[in-house]
Every structure is written in C-alpha cells, then in structure tokens.
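As a plain string of letters, each chain reads:
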Amino acid sequence: MIKVFPAFIFLITFFIGLASTQAQETDLSRVIDMHVHAGPDSRPRAMNDFEAARMARDAGLRAIVLKNHFTMTADRAALAMAQVEGLEIFGGVALNRAVGGINPEAVRQLVAFDGGRGKVVWLPTFDAEFYVKRAGTGDTYVSVMENESPVADLLQVFQIIAENSLLLAMGHSAPEEVLALIPIAKQQGVEQILVTHVFGQEATAQQMQQMADAGAKMELDWLAAYTDPGLLRDYAAAIQSIGAEHFIISSDFGQAGNPDHATGMKQFIKALTEVGINQTQLGMLAEQNPATLLGLD
Ligand SMILES: [Zn+2]
C-alpha cells in the first residue's frame with residue numbers, strides 16, 4: 001500500500017492535468033484569420049498558399065484571407081480552396097504600384113476571376129504615401145488623397161467595391177486619410193471597412209474612437225505584439241475603452257521563421273486573455289466581426 005499510494009496520487013494528478021489542458025485548448029472552429037501571408041512572394045515566406053491552407057484547416061480555422069502586397073490573390077485563394085477542403089479561403093488585391101496603384105481595372109478583374117474568392121481591396125500598403133514618406137526612402141508612392149480630396153480613380157474603386165459587396169481595407173494610409181475616406185466610401189455605398197493594423201499606422205486613441213464612430217472596424221495584428229509584447233496592454237486598453245465590437249484580430253504571420261497562422265491566432269487569443277479580454281470580447285474579435293466583414297453567416 002505504501003508504494004501504491006504515491007503512484008495513485010501521481011495518476012490522479014496526471015489525469016486532472018490532462019483534462020484541464022484539454023479544457024483550455026482553444027476552440028478555433030469559428031476563428032477567422034484576415035491576414036495570412038504565404039508564398040510564392042517576393043519576400044521570404046514560411047510556407048506556400050497550399051501549406052498555409054492545410055495548416056489552417058488542420059488547426060480547425062473557419063476561414064483565412066490570403067494577402068499579398070504585390071499581386072492579386074483571388075486566383076490563389078480559388079486554387080488553394082480546390083486543394084484543401086474544409087475552410088473558406090478569400091483573396092484580394094493591394095493597390096500598390098505592381099498593379100498600377102489606384103487602378104479600378106485591377107479591382108474589376110479581382111471580381112471577374114473564376115471561383116469568386118476576391119473579397120478584399122487594400123489601399124496602397126508598402127507604396128502608400130504615408131508609409132513611404134515615414135520611411136524616408138524617397139521611393140515613388142501612390143497617393144489616395146490630393147488637396148484633401150480622394151484621387152479620381154479611388155471613387156471608381158469605391159463604386160466597384162460597393163457594387164460587389166467587397167471589403168475596403170485601408171492599407172498603410174495615414175489616420176487622417178482614413179478618417180477622411182471612411183465617410184466618402186460609405187456615401188458611395190461601401191458597407192464594410194477595415195482599418196489595417198491601426199496601431200502600426202500610429203492612430204491616436206481619439207482617432208480610433210472617431211474611426212469606430214464613423215462605422216469602420218479596426219485590425220489588431222499579432223505580428224506587431226509578438227515582436228513588441230508591450231503593445232498588448234495598448235490593444236487591451238483600446239478594446240476596453242472603444243469596445244470589442246469595433247475591432248478584429250489577425251495574425252499577419254507567414255514570415256520565414258515565424259510560426260504558422262493558426263498558432264499565431266492561438267497565441268494572440270491566449271495573450272489577450274492574460275491582459276483581461278473576456279470570452280465574449282474574444283468571440284467578437286476573432287469570430288463575429290471578421291465574419292461580418294467577409295459577409296459570412
Ligand atoms: Zn501583413
């Protein structure tokens with residue numbers, strides 16, 4: 001008996017531990033990652049589209065959005081969906097110089113491609129005026145505003161987004177540009193607007209509140225907080241003061257050397273829980289709000 005007893009205690013402890021680990025295992029079955037980078041790309045990626053789709057499906061994710069800064073991804077999303085059953089895969093186009101900048105025809109083709117997976121139009125990212133000027137490289141940039149008005153082709157782009165129920169994402173625009181463009185896009189009939197990684201664009205708390213009031217949702221990305229964990233407290237403060245209904249979370253993973261997207265989403269959800277974000281809020285951030293933006297359910 002004296003020898004059996006410690007073994008018995010060990011077994012009980014082991015099974016309790018196992019049960020609680022399983023209970024804590026994050027359920028990803030309704031989680032959507034709106035920001036998935038994968039290869040082929042012109043910068044080093046950790047996996048290709050098919051591998052990213054397979055890993056996301058195996059982890060149980062509901063949907064992913066393939067994002068590339070330089071090429072359209074509606075076709076890639078359709079191919080990935082044909083290869084990997086069991087999750088929704090969307091694509092889009094980022095209006096950088098590689099597709100002609102603010103080019104309505106690039107958006108028309110996004111919509112026209114077979115498979116109907118084209119869903120997101122990102123305003124310029126690496127070629128955005130705000131981004132290029134801040135980086136101080138002197139590179140050519142693509143403006144979205146001129147003399148405080150949107151450039152003419154942007155109104156056409158908004159029109160196509162509205163007609164096809166696409167999602168307008170603000171790319172690397174300045175917060176001031178975002179605030180000016182939201183009402184104009186809404187007026188053109190654009191319903192879903194996402195402010196791309198709002199903290200990376202250096203929006204103030206007041207500007208974030210104004211973006212929320214204007215009817216846009218804001219993206220909080222894991223990549224930035226993974227690199228700079230101090231950012232998590234700022235994320236949590238914004239969620240608590242402005243409201244989880246105005247934000248989504250995404251991984252922005254795919255860089256060579258970083259974990260896969262589903263792992264990123266799990267890490268993000270766990271990290272947010274640790275800074276006081278509750279289950280209801282997490283449901284809005286990772287599940288309901290992204291679904292609304294993509295026109296799911
Ligand atoms: Zn990204």
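All values reported here derive from a predicted model rather than from experimental measurement. (Residues numbered from 1 in each chain as written. Predicted model: local features only at pLDDT ≥ 70, side-chain atom pairs only at ≥ 80, totals over all residues. Heavy atoms only, no water.)

1. Considerations on the pattern of salt bridges
Right, so step 1: One pass over the structure, following the stated rule, counts eleven salt bridges.
Right, so step 2: Where Arg-97 meets Asp-127, a salt bridge forms, and the shortest distance between an N and an O atom there is 3.6 Å. With Arg-97 in the loop between strand E3 (88–94) and helix H4 (104–112) and Asp-127 in the loop between strand E4 (118–122) and helix H5 (129–135), this residue pair connects regions lying 30 residues apart in the sequence.
Right, so step 3: Taking the shortest distance from any N to any O, the salt bridge between Glu-202 and Arg-134 comes out at 2.9 Å. With Glu-202 in the loop between strand E8 (192–195) and helix H8 (205–213) and Arg-134 in helix H5, this pair connects stretches of sequence that are 68 residues apart. (Salt bridge = Lys/Arg side-chain N within 4 Å of Asp/Glu carboxyl O. Helix = DSSP H or I, 4+ residues; strand = E, 2+ residues; numbered from the N terminus.)

2. A closer look at the coordination of the zinc ion
Right, so step 1: Looking at the zinc ion, one finds its protein donor set to be His-35 (NE2), His-37 (NE2) and Asp-252 (OD), positioned 2.1 to 2.2 Å from the metal centre.
Right, so step 2: Along the chain, the residues donating to the zinc ion are arranged with the sequence spacing H-x1-H-x214-D.
Right, so step 3: Judged by relative accessible area, His-35 falls into the buried class, the value being 2%. (Donors = N, O, S within 2.8 Å, 3.2 Å for Na, K, Ca; no water. Buried < 20%, exposed > 50% of the residue type's maximum accessible area, 1.4 Å probe, protein only.)

3. Some thoughts on the confidence of the model for the chain
Right, so step 1: Summing up the model confidence of the chain, the mean pLDDT is 94 and the portion of residues at 70 or higher is 92%.
Right, so step 2: With pLDDT under 50 throughout, residues 19–23 is counted as low confidence; its partners more than four residues away or in other chains account for zero contacts. (pLDDT = per-residue confidence, 0-100. Contact = heavy atoms within 4.5 Å.)

4. Remarks on helix H11 (residues 261–274)
Right, so step 1: Helix length check: H11, at 14 residues, gives a terminal C-alpha distance of 20 Å against a target of 20 Å (1.5 Å per residue), a fit within 8%.
Right, so step 2: Regarding H11, the residues found buried are His-261, Ala-262, Gly-264, Met-265, Phe-268, Ile-269, Ala-271 and Leu-272.
Right, so step 3: Once H11 finishes, Gly-276 follows within two positions and takes phi at roughly 95°, a positive value. (Expected span 1.5 Å × (residues − 1).)

5. Description of the sheet that holds strand E10 (residues 247–250)
Right, so step 1: Here eight strands make up an open sheet; going across it, the order is E1-E2-E3-E4-E7-E8-E9-E10 and the pairing parallel. Either end of the sheet is taken by a strand with one partner, and the two such strands are strand E1 (32–36) and E10. Pairs of neighbouring strands in the sheet enclose a mean axial angle of 25°, with direction left out of account.
Right, so step 2: Pairing between strand E2 (residues 63–66) and E3: three bridges, direction parallel. Within E3, the position partnered with Ala-63 by the bridge is Glu-88.
Right, so step 3: Running over the sheet, helix H3 (residues 74–83) touches E2, E3 and E4 and is turned about 165° from E3.
Right, so step 4: Contacts from helix H12 (residues 279–294) reach E1, E2, E3, E4, strand E7 (167–169), E8, strand E9 (217–221) and E10 within the one sheet, and its direction differs from that of E10 by about 105°. (Pairing = 2+ DSSP bridges. Axes fitted to C-alpha atoms, helices over the stretch in contact; angles between N-to-C directions.)

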